[in-house]
Amino acid sequence: MWAARSARRTKPQERRDDFTAIATQQGAAIERLEKRDRQREEDMEKQRERLADQDAALGYLQRWVGTLVGYIRQAGLEPPPAPPMPDGVRTYLDHIV
């Protein structure tokens, strides 16, 4: 019975079935990659927003410290010296300080 059934299927039919199976697998793989890509783009956008907020926070703190130092000096006092800045921090604060 199996020989009779397989005899009814031609080589082009076998190839067509193989192509359909491979195309289905590739479609699923492409969908997974697109989903991963969308997730990474969303993560990158969140990181950009967080960096922009952190930059704004650092600018605000820099202005606030400058105001406090000015107030202390107007009162005739000298503000305490700033602690040494680590090299890693200096890289990010060069445009502020």
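The paragraphs below set out a description of the structure included in this document.

Basis of the calculations
Residues numbered from 1 in each chain as written. Predicted model: local features only at pLDDT ≥ 70, side-chain atom pairs only at ≥ 80, totals over all residues. Heavy atoms only, no water. Salt bridge = Lys/Arg side-chain N within 4 Å of Asp/Glu carboxyl O. Helix = DSSP H or I, 4+ residues; strand = E, 2+ residues; numbered from the N terminus. Buried < 20%, exposed > 50% of the residue type's maximum accessible area, 1.4 Å probe, protein only.

### Let's talk about the pattern of salt bridges
Working definition: two side chains of opposite charge can pair if their charged atoms are close together.
Moving on, step 1. Taken as a whole and judged by the stated rule, the model has 2 salt bridges.
Moving on, step 2. E45 serves as the salt-bridge partner of R48, at 3.4 Å between the closest nitrogen and oxygen. Taken as a pair, R48 and E45 lie in helix α2 (residues 11-74) at a separation of 3 residues, close to a single helical turn.
Moving on, step 3. Looking at R48, the relative accessible area reads 49%, which means it is partly exposed.
Moving on, step 4. When its relative accessible area of 38% is taken as the criterion, E45 is described as partly exposed.
Moving on, step 5. R73 is the salt-bridge partner of E78, the closest N and O atoms lying 3.3 Å from each other.

### A closer look at the environment of G59
Moving on, step 1. Along the chain, G59 turns up in helix α2.
Moving on, step 2. Sequence spacing of G59 and L93 is 34 residues, and the spatial spacing of their C-alpha atoms is 9.4 Å.

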